[in-house]
Amino acid sequence: MTVLHLSHAADASDGGIATAVTDLIAAQRVAGLEVDWLTSDRFKGFHRDQNLLGAVKVAHPSLLHLHGLWRSPTRIASRLADSSHPLVIAPHGMLDPWALVHSRWKKRLAWSLFERRALRSARCIHVLCPAEAAVTDALDLGRPIAVIPNGVTIPTTAAAEPPPWANTIPAGSSVLLYLGRFHAKKGLVPLLKAWQVVADEAERHGWWLALVGYGDGGALAEQVSAAKARGELARVSLHGPCFEEQKHACLTAAKAFVLPSFSEGLPMAALEAMAYHLPSLLSTACNIPEAFSSGASLPAEPESHGILAKSLHRLFELSEAESAAMGSAAHALVAQGYSWPRVAEQTRQLYDWVLGNAERPGFVEG
């Protein structure tokens, strides 16, 4: 069995999808699967779809695993299925109602022209959590749905370099970290509003907010700069993207993590932060409900900066013992339920079933 993963890009331009696919492939190779990865951004111009289609046919894998929607991979999906390439499609949260509202007319057109047909051509739709399964099932696509989460790598080494805020945030401060794309769906605007509400408290307790990311053309930086000129957001430090060792340094140096998102599949940044024993402030849209039931996270709903402000207040008031207990609960949660070896084995079972070599796994619905 040979598996070809197909997505838009292998770098930060594809956000968390690129990170998830990178780590999934590494885990699958360790598990003995023969896998490769093809991205559509390697082909330029008007013939991108056709060139991508040709490259897939040349590779001739036993099975295709597509990641993400609304771009070249799903535009060619039904043609690949017609060519007897078994397909598994992973939307990665892109069917979430909040996501569908944005660029609505473009997505409605794409849905009618090719997106729905692409999903219906799949042998199975791979979703990351039960909430995404429910949203997908409501679209009446008539396809089985496999619930397999993203995994997370548990850190084993100390950071070899300082975090990017080392020269702007005083040593000994407590840092609340946001790490990821600067995008409207991430809830950064309500987060900044809530932070301003608790500004005096943050200063009294020695907390700073570090925003580390990319992807908005500098819009967030301009907003923060304008607020600082008005005497606001004094304890907010904004930085560009960090990857690999720099990201490791960020997660090692932070005291807590925040993601008040409006829409997610299963956010890699949140899982990674939990692997670093970080207490978290998460919205329900992050689709990790067990983070709340296990005591690993506080609520951070973006619809109300009042709720966010209350959770920030609660974070500031945590004792060292309470913070450590939340961090331990977070680490235990991801170690037990989101390990890459477990995810790799589940995808192997899924592929074997799709290819007719095994019984339907218990995580496949419909």
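Rules behind the numbers
Residues numbered from 1 in each chain as written. Predicted model: local features only at pLDDT ≥ 70, side-chain atom pairs only at ≥ 80, totals over all residues. Heavy atoms only, no water. Helix = DSSP H or I, 4+ residues; strand = E, 2+ residues; numbered from the N terminus. Rg over C-alpha atoms; globule rule 2.2 N^0.38 Å. Buried < 20%, exposed > 50% of the residue type's maximum accessible area, 1.4 Å probe, protein only. Contact = heavy atoms within 4.5 Å. Lys, Arg positive; Asp, Glu negative; His and termini not counted. Charge placed at Lys NZ, Arg CZ, Asp CG, Glu CD. Pairing = 2+ DSSP bridges. Phe/Tyr/Trp six-rings, centres within 6.5 Å; stacked < 30°, edge-to-face > 60°. Patch = residues over 30% accessible without salt bridge, like charges linked within 9 Å, V, L, I, M, F, W, Y side chains within 5 Å. Areas by Shrake-Rupley, 256 points an atom, 1.4 Å probe, with all protein chains shown as cover. Salt bridge = Lys/Arg side-chain N within 4 Å of Asp/Glu carboxyl O. Axes fitted to C-alpha atoms, helices over the stretch in contact; angles between N-to-C directions. Parallel < 35°, antiparallel > 145°, perpendicular 65-115°, else oblique. Nonpolar A, V, L, I, M, F, W, Y, C, P; charged D, E, K, R; others polar. Arc of directions from axis to C-beta.

K.L.:
Help me out: how do you make sense of the overall build of the chain in this one?
P.N.:
Tallying secondary structure elements over the chain gives 16 helices and 13 strands in all. For 366 residues, the compact-globule formula gives about 21 Å, and the C-alpha radius of gyration of the chain, at 21 Å, lands near that figure. C-alpha atoms of the chain, sized along the principal axes, occupy 65 × 40 × 40 Å. Split into buried and exposed, the 366 residues of the chain put 53% on the buried side. Contacts in the chain between residues far apart in sequence, at least 24 positions, make up 69% of those at least 6 positions apart. Averaging the positions of the 32 positive and the 34 negative side-chain charges in the chain gives two centres separated by 7 Å.

K.L.:
Is there a simple way to think about the sheet that holds strand S1 (residues 2–7) in this case?
P.N.:
Sheet strands line up and pair through hydrogen bonds in the backbone, either parallel or antiparallel. Across the sheet, 7 strands lie side by side as S2-S1-S3-S4-S5-S6-S13; this open sheet has mixed pairing. Looking at strand neighbours, the two that pair on one side only are strand S2 (34–39) and strand S13 (364–365), the edges of this open sheet.

K.L.:
Explanation requested: the packing of aromatic side chains in the structure shown.
P.N.:
How two aromatic rings sit relative to each other is given by the distance of their centres and the angle of their planes. On inspection of all chains with the given rule, the structure shows 5 aromatic pairs. For the ring pair Trp207 and Phe316, a centre distance of 5.7 Å and an interplane angle of 35° mean the geometry is tilted. Residue Trp207 is found in strand S8 (residues 207–214), and its partner Phe316 is found in helix H14 (residues 305–317); the two are separated by 109 residues along the sequence. Members of the aromatic cluster, joined through ring pairs, are Trp195, Trp207 and Phe316.

K.L.:
I keep staring at the pairing of S1 and nothing clicks. Help me out?
P.N.:
Regular strands place side chains that alternate from one sheet face to the opposite one. Within S1, 5 of the 6 residues are buried, which leaves it mostly tucked inside the rest of the structure. Bridge analysis of S1 against strand S3 (residues 63–67) gives 4 bridges, and the strand direction is parallel. Bridge assignment links Leu6 to a residue of S3, and that residue is Leu66.

K.L.:
Before we go on, may I ask you to explain unusual backbone geometry in this structure?
P.N.:
A positive phi angle, near 75°, is found at Trp70, a position not held by glycine. One can find Trp70 in the loop between S3 and helix H3 (72–75). Backbone geometry places Glu244, a non-glycine residue, at a positive phi of 50°. Locating Glu244 in the fold gives a position in the loop between strand S9 (236–239) and helix H11 (245–253).

K.L.:
Before we go on, may I ask you to explain a nonpolar patch on the surface in this structure?
P.N.:
On the surface, Trp105, Leu109 and Leu113 cluster together into a nonpolar patch covering about 360 Å² of accessible area. Within the fold, Trp105 resides in helix H6 (residues 104–121).

K.L.:
When you look at the pattern of salt bridges in this model, what are you seeing that I'm missing?
P.N.:
Pairing of side chains with opposite charge becomes possible as their charged atoms draw close. Within this structure, the stated rule accounts for 8 salt bridges. A salt bridge links Glu264 to Lys186, with the nearest nitrogen and oxygen atoms 2.8 Å apart. Separated by 78 residues along the polypeptide, Glu264 in the loop between strand S10 (256–259) and helix H12 (268–275) and Lys186 in the loop between strand S7 (174–181) and helix H8 (188–197) bring together distant segments of the chain. Lys186 shares its class with Glu264; the two are buried.

K.L.:
What is the right way to read the packing of helix H1 (residues 15–30) against helix H16 (residues 340–354) from this model?
P.N.:
For any two helices packed against each other, one specifies the inter-axial angle together with the distance between the axes. Look at H1 against H16: their axes get within 9 Å of each other, and the N-to-C directions meet at 80°. When the axes of H1 and H16 are compared, the pair comes out roughly perpendicular. Across the interface between the two elements, Ala20, Asp23, Leu24, Ala27 and Gln28 from H1 touch Trp340, Val343, Ala344, Thr347 and Tyr351 from H16. A per-class count over the contact of H1 with H16 returns 7 nonpolar, 2 polar and 1 charged.

K.L.:
Honestly, the pairing of strand S5 (residues 124–127) in this entry has me stumped. Any pointers?
P.N.:
Residues Cys124 and His126 line one face of S5 and the alternating positions Ile125 and Val127 line the opposite face, and both faces are buried. Inspection of the sheet shows strand S4 (residues 87–90) paired to S5 by 2 bridges, in the parallel sense. The partner of Val88 across the bridge, within S5, is Cys124. Relative to strand S6 (residues 145–147), S5 runs parallel, the two being bridged by 3 bridges.

K.L.:
Just checking my understanding: could you explain helix H7 (residues 130–137) for this structure?
P.N.:
Helical geometry note: an α-helix holds 3.6 residues per turn, so side chains three or four residues apart project in the same direction. Burial in H7 covers these residues: Glu132, Ala133 and Thr136. Viewed end-on, H7 has its buried residues packed into an arc of 105°, placing them on one side of the element.

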